[in-house]
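Below, each chain spelled out in residue letters.
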Amino acid sequence: MQLDVDSLVVRAQERVLLDHVALSVAPGELVGLIGPNGAGKTTLLRAIVGSQRITGGSVRLDGRAIDDFDTRARARALAYLPQDRQIEWPLPVSEIVMLGRYPHRSRLAPPDARSDEVATRALAAVDAAPLSARRATVLSGGERTRVLLARALAVEAPLLLVDEPVAGLDPYHQLHVMEILRDTAHSGTGVLAVLHDLTLTMRFMDRVVLLHDGRIAAHGAPADVLTPANLRDVYRISTLEGINKSTRYVLPWSRLDNGTPT
Amino acid sequence: MNPIRFGTLLAALVGLTAVLFAVSLAVGPTGTGLRAFVDLAAGRDREMWSLIIWELRLPRALLALIVGASLGLAGASLQGFLRNPLAEPGIIGISSAAALGAVIAIYSGIAMRFPVVLPLLAIAGSLTAVSVLQPLAARGGALTLILAGVAISSLCGALTALALSLSSNPFASLEIVYWMLGSITDRSLADVWLILPFVALGWGLLAATSGQLAALTLGPETAISLGVDLARLQWLVTLGAACCVGAATAVAGVIGFVGLVVPHLLRPLVGFHPSRLLPVSALGGAALLLAADVCVRLLSTESEVRLGVVTALIGVPFFFYLVVRSRSAYGAS
């Protein structure tokens, strides 16, 4: 399923949070959404999912306006892992993942065999099958992120939106989560991921959209977006670049104040 | 917990409630049901026993069942929606607001002429309280909710006291004070019929929230993305809880802590699942109130101990325990 966002405008309390933003995510594509704090990344994801009121522009799925989908059809089309990783009650992990089947189930029907199978597969995809019986509130940060990612995967939506999926994780788990997102995309799902880590963005993303003050500052292949000039103008940082096994990488190096290192 | 165990738990609670209902019909100051059976079989005192069981004990047992189920269900639903185990109708001021509505109905004399006004004003009171609390609970944490509840309880208590102190009839005032302590003594089947439509509406509205409360476990953002209509859910919980608590308070006065103790005890048995907690909390609430009412009758005191006093004595230690356990949440909010 193709996601197209056109001229999206979001205003809240007289402030323009998103100003004519356009982007698209094709099936099988892993797209990174980057930008400094307050650039409007989370607002954009929330506007696509429907939890943020849109002032203007459009969000379309396979050419059809998202408002034409009823809430459950929209929920089956778009899976979302929000920035907030809250789990309120100590449900077993298997039940948390099963919540991803909510848009597929009638309200009174008990879980069916297919939902069980999908939830089990989603847990296995994030290497969390052994956690199945654990209480979700006692998981470590890495485990919690993977379990909640499995919950999002259990929706089996053709589009997956994830907000800062590697925040607070150690490097091992960061790489693990990025590999899961890449595998998910390669299996045909369109993935839009908000990231702060420029190195992971360069390494894993098929395309990158750089947001700045609610506008798109650059978009395209990672190497074309994560240029020293763009990073200086938008992030006010200088970077180190290199090549490892024919793959380019970029490292944030120093803050710039009026163009000079601090 | 798998569905078979959930089914077993439901069946066990249905059985317990049925047994306690039967015990409630059988126990009273005039003797036990066993004696009634013997007397009835022997053709003795047929009219007296019929009067005692149908006119005195049956309404009481039915009210304990209905009021307990309503309070248990309302507590579990509010806790699921507000994602806060302390959200109990009595603690957060909903019962006090319902009592104020009922006192206005009784005090003004409208309830005498139009009995249906009594539950309607009690429901209006609880509806106002839930509507004020929900936005506060959404923005603040547990502390905000409890403080708002204290404020609502204090205000309603003050207004009720004002009404009582302005009353020209001290006996009527005393009657209202006793009524507010919570009791289902001396009620008739007319009281049951009076509140039944309102509690049935409340049960129906809260039952419709079931699956959506589970989706809220991961917060409102995820719930919306899963297709939950939060505005509709809020409407269902607000009106459902108000109908349950308002109608229950209208006939039974303020009976606190049922909605706290019952969901708290049963939550681990349903694997902490907010949706499965609803039916078991309704049954558990009914069982608790039936049991408490039987205890009240068995305690031989000069004037009967009020039901609300018994539930408070059971509930307050639980409340303290929950407050201590969630002190980290208090610090965070």
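The structure displayed is predicted, hence computed values, not measured ones.

What counts and what doesn't
- Residues numbered from 1 in each chain as written.
- Chains lettered and ligands numbered in written order.
- Predicted model: local features only at pLDDT ≥ 70, side-chain atom pairs only at ≥ 80, totals over all residues.
- Heavy atoms only, no water.
- Helix = DSSP H or I, 4+ residues; strand = E, 2+ residues; numbered from the N terminus.
- Buried < 20%, exposed > 50% of the residue type's maximum accessible area, 1.4 Å probe, protein only.
- Contact = heavy atoms within 4.5 Å.
- Areas by Shrake-Rupley, 256 points an atom, 1.4 Å probe, with all protein chains shown as cover.
- Core = buried A, V, L, I, M, F, W, Y, C linked by side-chain atoms within 4.5 Å.
- Domains from an automatic or database assignment.
- 1 Å grid on protein atoms, 1.4 Å probe; cavity = no way out; pocket = protein on both sides within 12 Å on 5 of 7 lines; lining within 4 Å.
- Points joined across faces, edges and corners; volume = space filled by probe spheres on them.
- Nonpolar A, V, L, I, M, F, W, Y, C, P; charged D, E, K, R; others polar.
- Pairing = 2+ DSSP bridges.
- Right-handed = clockwise from strand over helix to strand, strands pointing away.
- Buried area = accessible area lost by both parts, 1.4 Å probe.
- Salt bridge = Lys/Arg side-chain N within 4 Å of Asp/Glu carboxyl O.
- Expected span 1.5 Å × (residues − 1).
- Arc of directions from axis to C-beta.
- Polar contact = N/O pair within 3.5 Å; in protein donor to acceptor, adjacent residues only side chain to side chain.
- Axes fitted to C-alpha atoms, helices over the stretch in contact; angles between N-to-C directions.
- Phe/Tyr/Trp six-rings, centres within 6.5 Å; stacked < 30°, edge-to-face > 60°.
- Lys NZ or Arg CZ within 6 Å of the ring centre and 35° of its normal.
- Patch = residues over 30% accessible without salt bridge, like charges linked within 9 Å, V, L, I, M, F, W, Y side chains within 5 Å.

## Observations concerning the overall build of chain B
Link 1 in the chain: For chain B, the helix and strand inventory stands at 16 helices and 0 strands.
Link 2 in the chain: Residues counted as buried form 53% of the 333 residues belonging to chain B.
Link 3 in the chain: Partitioning the intrachain contacts of chain B with sequence separation of at least 6 by distance along the chain shows that 80% fall at a separation of at least 24.
Link 4 in the chain: A total accessible area of about 14,000 Å² is found for chain B, and carbon and sulfur atoms account for 73% of it.

## Here we look at the nonpolar core
Link 1 in the chain: Of all hydrophobic cores here, the largest spans 140 residues; its most connected members are Val97(A), Leu149(A), Leu160(A) and Leu181(A).
Link 2 in the chain: Among the elements that take part in this core, helix 3 (residues 46-82) of chain B stands out by supplying 14 residues, more than any other.
Link 3 in the chain: Both domains that furnish three or more residues to this core are identified here as domain 1 (3-226) and domain 2 (234-262) of chain A.
Link 4 in the chain: Among all residues touching Leu149(A), those that are not within four sequence positions of it are Leu81(A), Val126(A), Leu160(A), Val162(A), Val177(A), Ile180(A) and Leu181(A).
Link 5 in the chain: By size, the runner-up hydrophobic cluster in this structure holds 31 residues, among which are Val21(A), Val25(A), Val59(A) and Tyr80(A).

## A short note on helix 13 (residues 258-266) of chain B
Link 1 in the chain: Across the 9 residues that make up helix 13 of chain B, a large majority, 8, are buried.
Link 2 in the chain: Inspection of helix 13 of chain B places Val258(B), Gly259(B), Leu260(B), Val261(B), Val262(B), Pro263(B), His264(B) and Leu266(B) among the buried residues, and these make up the whole buried set.

## Overview of empty space enclosed by the protein
Link 1 in the chain: Within the structure shown, the criterion is met by 1 cavity of 30 Å³ or more.
Link 2 in the chain: Residue lining of the largest cavity: Leu81(A), Pro82(A), Asp84(A), Arg85(A), Gln86(A), Leu148(A), Arg151(A), Leu218(B) and Thr222(B), and that is the complete set.
Link 3 in the chain: Class assignment of the residues belonging to the lining of the largest cavity gives a composition of 4 nonpolar, 2 polar and 3 charged.

## A look at the pairing of strand 8 (residues 190-194) of chain A
Residue and element names in this part refer to chain A.
Link 1 in the chain: Most of strand 8 is tucked away, with 5 of its 5 residues classed as buried.
Link 2 in the chain: Covered by surrounding structure in strand 8 are Gly190, Leu192 and Val194 together with Val191 and Ala193, the residues of both alternating faces.
Link 3 in the chain: Inspection of the sheet shows strand 3 (residues 30-34) paired to strand 8 by 4 bridges, in the parallel sense. Residue pairing across strands places Leu30 opposite Val191, the latter belonging to strand 8.
Link 4 in the chain: Strand direction decides the pairing type here: strand 7 (residues 159-163) and strand 8, joined by 5 bridges, are parallel. Directly across from Asp163, in strand 8, lies its bridge partner Val194.
Link 5 in the chain: This β-α-β element, strand 7 to helix 6 (residues 171-186) to strand 8, shows right-handed connectivity.

## Some thoughts on the domain arrangement of chain A
Residue and element names in this part refer to chain A.
Link 1 in the chain: Domain boundaries in chain A define domain 1 (3-226) and domain 2 (234-262).
Link 2 in the chain: Its C-alpha centre places domain 1 at a distance of 27 Å from the equivalent point of domain 2.
Link 3 in the chain: Buried surface at the junction of domain 1 and domain 2, summed over both partners, amounts to about 940 Å²; 72% is from carbon and sulfur atoms.
Link 4 in the chain: Among the residues domain 1 hides against domain 2, the three largest losses belong to Leu198, Thr199 and Met202. Together they make up 50% of the total.
Link 5 in the chain: Inspection of the region where domain 1 meets domain 2 yields 0 salt bridges.

## Considering the pairing of strand 3 of chain A
All names here are of chain A.
Link 1 in the chain: Burial runs high along strand 3: 5 of the 5 residues are buried.
Link 2 in the chain: By the alternation rule, side chains of strand 3 split into Leu30, Gly32 and Ile34 and Val31 and Leu33, which are all buried.
Link 3 in the chain: As judged from the 4 bridges shared by strand 3 and strand 9 (residues 207-212), these two strands associate in the parallel manner. Of the residues in strand 9, the one forming a bridge with Gly32 is Val208.

## Side note on helix 4 (residues 113-125) of chain A
Residues and elements named next belong to chain A.
Link 1 in the chain: Between its first and last C-alpha atoms helix 4 spans 18 Å; for 13 residues at 1.5 Å apiece the expected length is 18 Å, and the two agree.
Link 2 in the chain: Here helix 4 has its buried residues at Ser115, Val118, Ala119, Ala122 and Leu123. One side of helix 4 carries all its buried residues, which in axial view fall inside an arc of 135 degrees. When the buried face of helix 4 is taken as reference, the exposed residues oriented beyond 90 degrees from it are Ala113 and Thr120.
Link 3 in the chain: Contact partners of the buried residues in helix 4: helix 3 (93-98) and helix 5 (141-153).
Link 4 in the chain: The first or second residue beyond helix 4 is Asp127, which carries a positive phi of 55 degrees.

## So, the side chain of Thr249(B)
Residues and elements named next belong to chain B.
Link 1 in the chain: Structurally, Thr249 can be placed in helix 12 (residues 230-252).
Link 2 in the chain: A polar contact is formed between the side chain of Thr249 and the backbone oxygen of Val245, at a distance of 2.6 Å.
Link 3 in the chain: Setting aside anything within four residues of it in sequence, one finds Thr249 in contact with Ser95, Ala98, Ala99, Trp179 and Val254.

## Digging into the sheet that holds strand 4 (residues 56-61) of chain A
Residues and elements named next belong to chain A.
Link 1 in the chain: Taken together, 4 strands build an open sheet; the order of strands is 2-1-4-5 and the sheet is antiparallel. Edge positions in the sheet fall to strand 2 (15-25) and strand 5 (64-65), since each has one partner strand and no second.
Link 2 in the chain: Pairing geometry for strand 4 and strand 5, over 2 bridges, is antiparallel. Note that in strand 5 the partner of Leu61 across the bridge is Arg64.
Link 3 in the chain: Here helix 1 (residues 41-49) sits on the sheet and contacts strand 1 (3-12), strand 2 and strand 4; the angle it forms with strand 1, its principal contact strand, is near 110 degrees.

## Here's the deal with the packing of aromatic side chains
Residues and elements named next belong to chain A.
Link 1 in the chain: All chains considered together, the criterion is met by 1 aromatic pair over all chains.
Link 2 in the chain: Sitting above the plane of the Phe69 ring, Arg64 keeps its charged end 4.2 Å from the centroid.
Link 3 in the chain: Just above the ring of Tyr102 sits the side chain of Arg72; from NZ or CZ to the centre is 5.4 Å.

## Brief notes about a nonpolar patch on the surface
Residue and element names in this part refer to chain B.
Link 1 in the chain: Taken together, the side chains of Tyr107, Leu155, Leu159, Leu162 and Leu166 make up a nonpolar region of the molecular surface, amounting to roughly 500 Å² of accessible area.
Link 2 in the chain: No other element matches helix 7 (residues 142-165), which puts 3 residues into the nonpolar patch.
Link 3 in the chain: Secondary-structure assignment places Leu162 in helix 7.
Link 4 in the chain: Look at Leu162 and you get partly exposed, because its relative accessible area is 45%.

## Structural notes on the environment of Leu153(A)
Link 1 in the chain: Residue position: Leu153(A) is located in helix 5.
Link 2 in the chain: When the C-alpha atoms of Leu153(A) and Tyr249(A) are compared, they prove to be 29 Å apart, with 96 residues separating the residues in sequence.

## Some thoughts on the interface of chain B and chain A
Link 1 in the chain: Taken together, the 29 residues of chain B in the interface contact 27 residues of chain A.
Link 2 in the chain: On inspection of chain B and its partner chain A, the count reaches 3 salt bridges.
Link 3 in the chain: For the pair chain B and chain A, the interface holds 6 residue pairs in polar contact (both at pLDDT 80 or more).
Link 4 in the chain: Element by element, the count of residues in the side of chain B that touches chain A is highest for helix 11 (residues 219-225) of chain B, at 6 residues.
Link 5 in the chain: Across the side of chain B that touches chain A, the residue classes break down as 12 nonpolar, 12 polar and 5 charged.

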